[in-house]
Amino acid sequence: AQSVTQLGSHVSVSEGALVLLRCNYSSSVPPYLFWYVQYPNQGLQLLLKYTSAATLVKGINGFEAEFKKSETSFHLTKPSAHMSDAAEYFCAAASGGQNFVFGPGTRLSVLP
Amino acid sequence: GAVVSQHPSWVICKSGTSVKIECRSLDFQATTMFWYRQFPKQSLMLMATSNEGSKATYEQGVEKDKFLINHASLTLSTLTVTSAHPEDSSFYICSAPGQGSAEQYFGPGTRLTVT
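Draft legend 1. Highlighting the nonpolar core. Counting residues in hydrophobic clusters, the biggest one holds 26 residues, and the most contacted among them are Trp 35, Leu 48, Phe 74, Leu 76 and Tyr 89 of chain A. At the level of secondary structure, the elements contributing two or more residues to this core comprise strand E2 (10–14), strand E3 (19–21), strand E5 (32–38), strand E6 (44–50), strand E8 (64–68), strand E9 (73–78), strand E10 (87–95) and strand E12 (106–111) of chain A. No other element matches the 4 residues that E10 of chain A contributes to this core. Those residues in contact with Tyr 89 of chain A that lie beyond four places of it in its chain are Gln 6, Leu 21, Trp 35, Tyr 36, Val 37, Leu 47, Phe 63, Leu 76, Gly 105, Thr 106 and Leu 108 of chain A. Counting residues in hydrophobic clusters, the runner-up holds 25 residues, among them Val 4, Val 19, Cys 23 and Leu 79 of chain B.

Draft legend 2. View of the pairing of strand E3 (residues 19–25) of chain B. Residue and element names in this part refer to chain B. Burial along E3 is one-sided: the residues Val 19, Ile 21, Cys 23 and Ser 25 are buried and none of Lys 20, Glu 22 and Arg 24 is. Pairing of strand E1 (residues 4–7) with E3 involves 4 bridges; the strand directions are antiparallel. Note on E3: the bridge partner recorded for His 7 is Glu 22. Relative to strand E8 (residues 76–81), E3 runs antiparallel, the two sharing 6 bridges. From the neighbouring strand, Val 19 faces E8, where its bridge partner is Val 81.

Draft legend 3. Geometry of the sheet that holds E3 of chain B. Residues and elements named next belong to chain B. The strand order across the open sheet built from 4 strands is E1-E3-E8-E7, with neighbouring strands paired in antiparallel fashion. With partners counted over all chains shown, the strands left at the sheet margins are E1 and strand E7 (67–73), one partner each. Sheet twist, expressed as the mean angle between neighbouring strand axes with direction ignored, is 20 degrees.

Draft legend 4. Seen up close, the packing of aromatic side chains. For the coordinates displayed, the defined rule picks out 17 aromatic pairs over all chains. Counting every residue linked through ring pairs, the aromatic cluster contains Phe 34, Tyr 36, Phe 90, Phe 100 and Phe 102 of chain A together with Tyr 36 and Phe 106 of chain B. The cationic tip of Lys 66 of chain B hangs over the ring face of Phe 67 of chain B; the distance from NZ or CZ to the ring centre is 6.0 Å.

What counts as what
Residues numbered from 1 in each chain as written. Chains lettered and ligands numbered in written order. Predicted model: local features only at pLDDT ≥ 70, side-chain atom pairs only at ≥ 80, totals over all residues. Heavy atoms only, no water. Core = buried A, V, L, I, M, F, W, Y, C linked by side-chain atoms within 4.5 Å. Buried < 20%, exposed > 50% of the residue type's maximum accessible area, 1.4 Å probe, protein only. Helix = DSSP H or I, 4+ residues; strand = E, 2+ residues; numbered from the N terminus. Contact = heavy atoms within 4.5 Å. Pairing = 2+ DSSP bridges. Axes fitted to C-alpha atoms, helices over the stretch in contact; angles between N-to-C directions. Phe/Tyr/Trp six-rings, centres within 6.5 Å; stacked < 30°, edge-to-face > 60°. Lys NZ or Arg CZ within 6 Å of the ring centre and 35° of its normal.

Now the structure itself:
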């Protein structure tokens, strides 16, 4: 069965610093991969998705992620953190686009 | 873009009562919708897959008699939490797959508190 891991349940960065949130998936067949952001008491907002096109995917709010098949990874990065980036981030994988499996989430804190 | 709404956004109910949560696809049709539960500081866990015109498919460990799902039309799925208990307090989120894409569109969630 598909599984998604996110290394680090909590990541803290200073404002203006690089953001790196890690995601690894388990499938031998590269699935579709997604990053979502969730603010308190809100639903999920799609940041970006990988659907077997370009391996470097650019999303909203300056985020991007790179699909690396050899490492089964899909890490999320942003060159310069902003206070408004503080939120919970979820990586998800889907096979056939239907059955989503979510990672445990990483809470990002941005320090002034 | 595709929009999924949920109603209510939050609800407080007493133990033993039932609560209905609606999930609507506003500008597209969805033969399938998904219901997730999210406990505080945890990830989303798939509860069930709602199928228009047929029975829902429940994940292992989810009580189908407690969490009743009805997908009566191509734009509406409902989740009814029957005989609610405090341990049912959670954030419930629905989603619907996009047409011809690998994406899921998520509703804004419903916060249920059972007292």
